[in-house]
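# Coordinates in review
One-letter residues, chain by chain:
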Amino acid sequence: MRAAVLNSPHDFGLTERATPTPGPGEVLLRIEATTLCGTDLRLISGAKTAGVRPGVVLGHEIAGRIEAVGEGVEGYPAGAQATVSIVVSCNHCPNCLAGREHFCSNLQLIGYAIDGGLAEYCLVPARAVRNGNVILTPEMPARTLCLAEPLSCVLNGASQFSTRPGDVVVVLGAGPIGLLHTQLARLQGASQVVVTNRSAGRRELALELGATRAVDPTSEDLARVVDEVSGGRGADVVVVAIGALPLANQALELAGVGGRVNYFAGFPKGSTVEMDPNLVHYKELVVTGGSNARRSDVHRAVQVLACGAIDAERIVTHGFELGDVDRAVQAVSDQLGVKIAVEPH
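Residues numbered from 1 in each chain as written. Predicted model: local features only at pLDDT ≥ 70, side-chain atom pairs only at ≥ 80, totals over all residues. Heavy atoms only, no water.

### Structural notes on the overall build of the protein chain
Check the secondary structure of the protein chain and you find 12 helices and 18 strands. Here the protein chain has a C-alpha radius of gyration of 20 Å; the compact-globule value for 345 residues is 20 Å, and the two agree. Along the longest, intermediate and shortest principal axes, the C-alpha atoms of the protein chain span 60 × 40 × 40 Å. Residues counted as buried form 55% of the 345 residues belonging to the protein chain. Expressed as a percentage of contacts within the protein chain between residues at least 6 apart in sequence, the contacts between residues at least 24 apart total 70%. Looking at the protein chain as shown, the accessible area adds up to about 14,400 Å², and 49% of this sits on carbon and sulfur atoms. Positive and negative side-chain charges in the protein chain, numbering 28 and 35 respectively, have mean positions lying 4 Å apart. (Helix = DSSP H or I, 4+ residues; strand = E, 2+ residues; numbered from the N terminus. Rg over C-alpha atoms; globule rule 2.2 N^0.38 Å. Buried < 20%, exposed > 50% of the residue type's maximum accessible area, 1.4 Å probe, protein only. Contact = heavy atoms within 4.5 Å. Areas by Shrake-Rupley, 256 points an atom, 1.4 Å probe, with all protein chains shown as cover. Lys, Arg positive; Asp, Glu negative; His and termini not counted. Charge placed at Lys NZ, Arg CZ, Asp CG, Glu CD.)

Okay, here's the thing in structure tokens:
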């Protein structure tokens with residue numbers, strides 16, 4: 001089979017590998033599509049190296065079908081559509097026992113340490129199958145199902161701040177994650193969703209996907225817009241969906257009294273920024289993060305996608321064949337469209 005392999009930073013490309021045969025307890029997926037994200041670019045460039053195995057097949061936003069199962073595996077019929085929860089946890093460390101498997105002390109991630117979906121087939125190891133990481137899904141377009149992974153992370157992040165009906169929500173950034181947060185906020189009853197992005201095309205798309213205002217932060221006064229739509233009380237929720245350091249303090253400034261601020265995006269490793277702690281103190285802000293997702297979040301994401309509540313077609317805008325994976329990666333870097341799918345077959 002063909003597989004897109006990361007040997008080391010900047011050494012990434014297509015190669016031929018033997019098609020895996022599932023052993024006892026294993027499941028083999030025939031990949032329908034895998035979407036790319038900014039993290040894949042960071043892996044390829046070497047900006048992110050923790051937990052990455054040299055020689056790994058990249059790809060963690062996976063849609064596939066059951067191709068074959070190993071001895072002892074039941075309940076996964078051939079041809080059934082499936083995705084994977086990429087967090088492979090030990091289930092016995094303190095974080096796992098506290099219900100935080102995505103912070104497992106022995107964590108391994110599919111597409112980082114375990115071969116992922118940028119290949120014609122993906123072998124899911126027995127320990128992941130035992131954990132329930134292979135998730136059978138209702139039938140849906142493969143490009144839609146790929147969003148189960150990023151949407152599961154969005155659902156986990158959103159659970160930290162709980163948008164309520166009537167809330168004013170500000171989403172800083174209109175990339176794929178920001179656009180998912182935008183749609184979710186409207187589904188949860190937000191009365192106003194203000195989205196920021198420098199790109200006119202992304203701002204227009206944000207409006208089409210539920211934003212009530214789309215602001216160009218380079219030419220518009222975002223604080224004034226938030227005051228206007230909130231009646232001067234500030235935002236109930238601010239989601240930082242892009243890891244730009246100046247946004248860290250700006251998010252605190254935009255939040256109103258009792259507001260919730262979520263740093264969803266990761267920031268550059270080792271970076272620091274000056275922030276005014278009195279904004280948290282005097283406004284009694286609740287500040288949270290959002291990192292990865294649990295298996296339960298993936299199940300919820302699948303159900304949200306299956307019912308059509310998320311407009312996936314407007315998120316996954318372009319597709320490339322596996323043989324053109326280098327072009328697909330460049331398309332992500334060039335910000336072509338919104339999200340890029342790689343489709344092996």
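Let's pick the thread back up.
### With respect to the packing of helix H5 (residues 148-158) against helix H6 (residues 176-187)
Put simply, H5 and H6 touch, their axes get as near as 10 Å, and they point 55° apart. Considered as vectors, H5 and H6 are oriented oblique to each other. For the element pair H5 and H6, the recorded crossing hand is right-handed. In contact with Pro150, Leu151, Val154, Leu155 and Ala158 of H5, H6 contributes Ile177, Leu180, His181 and Leu184. Split into classes, the residues belonging to the contact of H5 with H6 amount to eight nonpolar, one polar and no charged. (Axes fitted to C-alpha atoms, helices over the stretch in contact; angles between N-to-C directions. Parallel < 35°, antiparallel > 145°, perpendicular 65-115°, else oblique. Left-handed = near helix turned anticlockwise from the far one by under 90°. Nonpolar A, V, L, I, M, F, W, Y, C, P; charged D, E, K, R; others polar.)

### Some points on empty space enclosed by the protein
As enumerated under the stated definition, the model contains one cavity of 30 Å³ or more in all. Considered as a void within the structure, the largest cavity measures approximately 40 Å³ in volume. Considering the residues around the largest cavity, the lining is formed by Ala158, Phe161, Thr163, Val169, His181, Leu184, Ala185, Gln188 and Val239. It is H6 that contributes the most residues to the lining of the largest cavity, three residues altogether. Residue composition of the lining of the largest cavity, by class: six nonpolar, three polar and no charged. (1 Å grid on protein atoms, 1.4 Å probe; cavity = no way out; pocket = protein on both sides within 12 Å on 5 of 7 lines; lining within 4 Å. Points joined across faces, edges and corners; volume = space filled by probe spheres on them.)

### Notes on the sheet that holds strand E11 (residues 168-172)
Either a parallel or an antiparallel arrangement is found when strands of a sheet pair, and the pairing is made through backbone hydrogen bonds. Spatially, six strands are ordered E13-E12-E11-E14-E15-E16 in an open sheet, and the strand pairing comes out parallel. Two strands bound the open sheet, and with one partner strand each, they are strand E13 (213-215) and strand E16 (286-289). When the angles between neighbouring strand axes are averaged without regard to direction, this sheet yields 15°. Looking at chain direction, strand E15 (residues 255-263) and E16 are connected through four bridges and run parallel. In the strand pairing of E16, Arg260 is matched with Val286. (Pairing = 2+ DSSP bridges.)

### Description of the sheet that holds strand E1 (residues 2-8)
The antiparallel open sheet is built from three strands, whose spatial order is E2-E1-E4. Two strands close off the open sheet at either side, each with one partner strand: strand E2 (11-16) and strand E4 (56-57). When E1 meets E4, the two strands line up antiparallel, connected through two bridges. Note on E4: the bridge partner recorded for Val5 is Val57. Those strands touched by helix H12 (residues 325-333) are E1 and E2, and its axis lies near 150° from that of E2.

### A short note on the environment of Arg127
Summarising the element assignment, Arg127 is placed in helix H3 (residues 126-131). The spacing of Arg127 and Glu26 is 101 residues in sequence and 8.2 Å in space, taken between C-alpha atoms. If sequence neighbours within four positions are ignored, Arg127 has contacts with Val88, Gln108 and Ile114.

### Structural notes on the side chain of Arg2
Along the polypeptide, Arg2 turns up in strand E1. Aside from chain neighbours lying at most four places away, what touches Arg2 is Leu14, Thr15, Glu16, Ala119, Glu120, Glu321, Leu322, Gly323 and Pro344.

### What about the UniProt feature "domain: Alcohol dehydrogenase-like N-terminal" (unreviewed entry) in the protein chain?
Per the UniProt record, "domain: Alcohol dehydrogenase-like N-terminal" (unreviewed entry) is annotated on residues 23-129. From the first C-alpha to the last, residues 23-129 spans 12 Å; its make-up is 15% helix and 30% strand. (UniProt positions renumbered as here; feature names shortened; annotations may be inferred.)

### With respect to the pairing of E11
Among the five residues that make up E11, five are buried, leaving the element largely enclosed by the rest of the structure. What you see with E11 is no split at all: Val168, Val170 and Leu172 on one side and Val169 and Val171 on the other are buried throughout. Bridging between E11 and strand E12 (residues 192-196) involves five bridges; their strand directions are parallel. Note that in E12 the partner of Val168 across the bridge is Gln192. Sheet analysis places E11 next to strand E14 (residues 235-240), joined by four bridges and oriented parallel. Residue pairing in the sheet places Leu172 in a bridge with Val240 of E14.

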